[in-house]
Amino acid sequence: MLLGEDEMNDNIADLVDSRTGRQSRSIYASEDIYRQELERIFGRCWLFLVHTSQIPKPGDYFRTFMGEDDVIVIRQKDGSIKAFLNSCTHRGNRICRADRGNARAFTCNYHGWSFSPDGALAGVPLENEAYFGELDRTKFGLIPVTKVAEYKGLVFGCWDANSPSLDDYLGDAKFFLDVWLDAMPGGSALLGETQKMVLGTNWKLPVENVCGDGYHLGWAHAGAMAAVQSMDLTGLSVGNSGVDLDGGLSVAGMNGHMVLSALDGVSGYAFYPDPKPILEYLEANRQTVIDRLGEVRGRQVWGAQVNITIFPNLQLLPGLNWFRVYHPKGPTQIEQWTWAMAENDMPEAVKAQILENQCLTFGLAGLFDNDDGDNLTACTEQSRGWRTAQMDVYTNMALGRSGKREGFPGDIASGLVSEHNQRYFYRRWQEHMMAETWAEVPTYNINSLTDEEAEHA
Amino acid sequence: MTDTATLERTCEGTTASLELTHALTQTLYREARLLDDEHYKAWASMLAEDLHYHMPGIETRYRRDKTEQVTDLTRMAYYNDSKPEILKRLSRLETGTAWSEDPATRYTHIITNVEVELTEKADEFRVYSNFYAYRNRNERDEDSLIGNRIDIWRQVGNSFQLVKRRAILKHNVMLSKNLNIYV
Ligand code: FES
Ligand SMILES: [Fe+2]
């Protein structure tokens with residue numbers, strides 16, 4: 001299959017085949033495909049903006065990206081949250097330069113236009129003398145993100161007025177999100193500052209890596225696992241010497257969101273050199289969580305190694321407790337932003353341990369991230385050749401071996417080592433890329449639990 | 001860790017003697033050479049058992065925002081390690097399965113601006129320095145980490161052991177794909 005760049009845009013249908021698990025390598029390097037992703041994926045999907053714990057007080061703001069658009073998210077006087085393009089409506093300057101803070105107003109460095117936290121243009125220097133009082137300030141407020149909505153502390157924004165509600169967008173992924181967000185009565189928080197790192201990879205590769213690739217853990221991270229592992233992680237072995245398919249689940253078919261989950265209720269802390277204080281916390285609160293979420297999630301999932309992917313670019317790992325967003329910066333580069341996750345009911349000592357463990361495992365200097373960064377950048381670089389761009393790659397492990405699993409939503413393959421989730425990720429990517437509008441994007445929550453089933457799960 | 005000297009200078013520090021300054025400067029150079037050569041066992045022997053090795057992350061904030069970013073240990077850090085944690089990191093290399101470290105990274109540490117001060121403890125010295133740590137790997141992977149350090153070194157017999165280090169990088173977005181380095 002040889003396609004020119006222009007043809008590729010018309011041929012998204014040929015770039016991915018989720019029945020055979022095939023992807024064209026051009027999707028990791030083509031500038032045209034990337035431009036279309038900014039429009040049809042990042043310009044259309046609900047994107048994670050901020051956790052409410054990061055902007056607790058009125059006037060608190062947090063800067064982030066939606067695709068390549070710089071956005072400020074601001075807590076309003078009435079407690080609600082609004083988001084705006086971080087771009088002055090006069091000549092386009094960046095109005096806010098800090099990562100986060102608290103502000104009564106945002107004043108532009110260039111000519112001094114001043115915007116209030118609700119986005120209104122509140123002040124214009126020489127408004128009467130130079131504009132002769134003829135500037136209609138109501139037409140020059142900051143450009144708001146079309147929709148902003150919250151799910152239990154996670155705030156998302158969306159540019160597309162015709163998107164489904166956030167609730168519908170998340171669909172059955174909420175079953176798993178609640179294992180962090182709603183397990184304990186105190187709710188959740190993100191800890192610490194943002195760890196930001198530039199990585200020379202296409203944005204889809206780290207998503208694919210964490211959404212379903214249990215296969216790489218035992219091999220790519222063999223050294224890191226040997227260094228920090230304190231408990232067995234069911235379903236994985238160092239060195240990929242064996243595999244236990246009863247140890248976990250690969251869950252997909254939930255509107256493009258995916259979950260990998262161990263089922264032992266503790267293995268999330270397998271990569272903590274000293275997991276004792278956290279295991280005590282789990283033990284002490286297990287019954288509370290079972291009462292709130294039911295047996296399946298309370299006993300098996302809460303505390304286990306769980307990878308949750310919210311399409312397109314948000315990944316969170318309750319247990320290992322890192323939370324990460326990938327901001328695309330062109331077809332072959334991303335900024336990877338990481339925070340530590342906690343439950344507010346955790347003792348301070350446990351929260352401190354989580355922050356510290358992030359340094360050791362999945363922070364910038366983390367032993368696991370050292371391995372992944374190297375592989376993802378090389379996969380991207382090796383897709384840029386004239387010949388390699390014509391090649392295909394496959395996620396065809398365990399094709400056609402999925403189905404329903406009692407107590408869980410989704411189309412489920414057994415085990416953490418499978419490429420089932422990756423196929424659903426690329427299927428979702430293709431569905432978005434082929435659709436002109438949201439109306440053409442299918443909605444599916446395969447094997448959805450009825451409310452009653454969910455109650456007794 | 002209250003029974004060791006503090007990293008923050010409490011008053012105008014007293015400059016150490018020429019001899020002591022020379023000895024500690026040579027210690028820093030030796031440490032840099034061991035790191036360049038990946039002689040991690042020898043490097044680890046320069047670390048005190050009660051070591052605290054800290055590299056804070058830095059957010060971009062407005063000047064009026066007085067949030068303490070550097071010394072607050074409850075905030076995000078790249079390293080916030082005890083000696084056992086450093087040894088754990090080093091043990092990954094020894095497993096022979098840290099694929100991303102093979103081929104090896106090539107390092108050069110340049111240490112400058114050394115100042116040595118006496119502290120409230122007779123056997124501990126506060127040492128300021130700047131570092132330039134250059135890394136090159138494979139064909140074109142390269143990056144530079146530049147920053148300031150404040151250390152406490154403890155005299156043990158004729159040599160010195162590192163008790164505390166705070167290494168302050170200047171990056172907001174880290175412009176490299178990992179931090180597999182000690183500075
Ligand atoms: S560009 Fe902002 S005031 Fe002119
Ligand atoms: Fe990984």
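Residues numbered from 1 in each chain as written. Chains lettered and ligands numbered in written order. Predicted model: local features only at pLDDT ≥ 70, side-chain atom pairs only at ≥ 80, totals over all residues. Heavy atoms only, no water.

(A) Inspection of the nonpolar core at higher detail. In terms of nonpolar packing, the biggest core is built from 157 residues, with A:Phe323, A:Trp429 and B:Leu179 touching the most fellow members. Element by element, the count of residues in this core is highest for helix α5 (residues 173–181) of chain A, at seven residues. Each of domain 1 (47–149) and domain 2 (171–456) of chain A accounts for three or more of the residues forming this core. Ignoring sequence-local partners within four residues, the contact set of A:Trp429 consists of A:Ile12, A:Leu15, A:Val16, A:Ile27, A:Ile33, A:Glu37, A:Ile41, A:Trp203, A:Lys204 and A:Phe311. Counting 17 residues, the second largest nonpolar core, distinct from the first, contains A:Tyr61, A:Phe106, A:Leu121 and A:Val124. (Core = buried A, V, L, I, M, F, W, Y, C linked by side-chain atoms within 4.5 Å. Buried < 20%, exposed > 50% of the residue type's maximum accessible area, 1.4 Å probe, protein only. Helix = DSSP H or I, 4+ residues; strand = E, 2+ residues; numbered from the N terminus. Domains from an automatic or database assignment. Contact = heavy atoms within 4.5 Å.)

(B) Quick look at a nonpolar patch on the surface. Residue and element names in this part refer to chain B. The grouping of Ile110, Tyr132 and Ile146 at the surface amounts to a nonpolar patch, some 250 Å² of accessible area in total. Mapped onto the elements, Ile146 comes out in strand β6 (residues 141–156). The exposure class assigned to Ile146 is partly exposed, which follows from its relative accessible area of 41%. (Patch = residues over 30% accessible without salt bridge, like charges linked within 9 Å, V, L, I, M, F, W, Y side chains within 5 Å. Areas by Shrake-Rupley, 256 points an atom, 1.4 Å probe, with all protein chains shown as cover. Salt bridge = Lys/Arg side-chain N within 4 Å of Asp/Glu carboxyl O.)

(C) Geometry of the sheet that holds strand β1 (residues 14–15) of chain B. Residue and element names in this part refer to chain B. In space, the seven strands of this open sheet follow the order β1-β4-β5-β6-β7-β2-β3, with mixed pairing throughout. Every other strand in the sheet has two partners, leaving β1 and β3 (77–82) as the edge strands with one partner each. On the sheet, helix α1 (residues 18–36) packs against β4 (106–118), β5 (124–137), β6 and β7 (159–169) and is oriented at approximately 160 degrees with respect to β4. Against the sheet, helix α3 (residues 83–94) makes contact with β2 (47–56) and β3, and its axis sits at roughly 110 degrees relative to β3, the strand it touches most. (Pairing = 2+ DSSP bridges. Axes fitted to C-alpha atoms, helices over the stretch in contact; angles between N-to-C directions.)

(D) Looking closely at the domain arrangement of chain A. Residues and elements named next belong to chain A. Domains assigned within chain A are domain 1 (47–149) and domain 2 (171–456). Taking only C-alpha atoms, the centre of domain 1 and the centre of domain 2 are 33 Å apart. Every contact between the two is made by 13 residues of domain 1 and, on the other side, 19 residues of domain 2. Summed over both sides, the interface of domain 1 with domain 2 buries roughly 1,200 Å², with 59% coming from carbon and sulfur. Connecting domain 1 to domain 2 are one salt bridge. (Buried area = accessible area lost by both parts, 1.4 Å probe.)

(E) The arrangement of the layout of surface pockets in detail. Roughly 670 Å³ of volume is contained in the largest pocket. Around the largest pocket, the lining is made up of 30 residues, and of these A:Arg100, A:Gly192, A:Glu193, B:Arg61 and B:Arg75 lie nearest the centre. At the level of secondary structure, the elements contributing two or more residues to the lining of the largest pocket comprise β4 (60–66), β7 (100–102), β13 (188–199) and α11 (348–360) of chain A together with β3 of chain B. When residues of the lining of the largest pocket are assigned to their parent elements, the largest contribution, six residues, is made by α11(A). In terms of residue class, the lining of the largest pocket is made up of 11 nonpolar, eight polar and 11 charged. Built from parts of two domains, the lining of the largest pocket gets at least three residues from each of domain 1 (47–149) and domain 2 (171–456) of chain A. Secondary-structure elements contributing two or more residues to the lining of the second largest pocket are α6 (204–212), α12 (367–381) and β20 (392–394) of chain A. (1 Å grid on protein atoms, 1.4 Å probe; cavity = no way out; pocket = protein on both sides within 12 Å on 5 of 7 lines; lining within 4 Å. Points joined across faces, edges and corners; volume = space filled by probe spheres on them. Nonpolar A, V, L, I, M, F, W, Y, C, P; charged D, E, K, R; others polar.)

(F) Structural view of the coordination of the iron ion (ligand 2). All names here are of chain A. Coordination of the iron ion (ligand 2) by the protein involves His216 (NE2), His221 (NE2), Asp372 (OD) and Asp372 (OD), with metal-donor separations of 2.1 to 2.4 Å. The sequence pattern describing where the donors of the iron ion (ligand 2) fall on their chain is H-x4-H-x150-D. Taken together, the positions of His221 in the loop between α7 (217–220) and α8 (222–228) and Asp372 in helix α12 put the pair 151 residues apart, joining distant regions of the chain. Here the two residues His221 and Asp372 agree in accessibility, since each one is buried. (Donors = N, O, S within 2.8 Å, 3.2 Å for Na, K, Ca; no water.)

(G) Focus on empty space enclosed by the protein. For the structure shown, the criterion picks out six cavities of 30 Å³ or more. Along the wall of the second largest cavity there are 16 residues; nearest its centre are A:Leu367, B:Arg89, B:Arg92, B:Asn180 and B:Tyr182. For the lining of the second largest cavity, the secondary structure elements donating two or more residues are α12 of chain A together with α3 of chain B. The dominant element in the lining of the second largest cavity, judged by the number of residues it contributes, is α3(B), at four residues. Split by residue class, the lining of the second largest cavity holds 10 nonpolar, two polar and four charged.

(H) Highlighting helix α9 (residues 276–293) of chain A. Residue and element names in this part refer to chain A. The end-to-end C-alpha distance of α9 is 24 Å, a good match for the 26 Å that 18 residues give at a rise of 1.5 Å each. Remark: the principal bend of α9, roughly 50 degrees, maps to Asn285. Along α9, the residues classified as buried are Ile278, Tyr281, Leu282, Asn285, Arg286, Val289, Ile290 and Leu293. On its buried side, α9 packs onto α5, α10 (295–301), β19 (334–343) and α11. Once α9 finishes, Gly294 follows within two positions and takes phi at roughly 90 degrees, a positive value. (Expected span 1.5 Å × (residues − 1). Bend = angle between axes of the 7 residues up to and from the residue.)

(I) Layout of the pairing of strand β12 (residues 154–158) of chain A. All names here are of chain A. Within β12, five of the five residues are buried, leaving the element largely enclosed by the surrounding structure. Here β12 shows two buried faces, one formed by Leu154, Phe156 and Cys158 and the other by Val155 and Gly157. Here strand β3 (residues 47–51) runs beside β12; their pairing, made up of four bridges, is antiparallel. Paired with Phe48 across the strands is Phe156, a residue of β12. Bridge count for strand β11 (residues 147–151) against β12 is five bridges, and the pairing is antiparallel. When the sheet's bridge partners are listed, Glu150 is paired in β12 with Val155. Where β11 folds back on β12, the antiparallel hairpin that results is connected by two residues, among which Lys152 adopts a positive phi of roughly 45 degrees.

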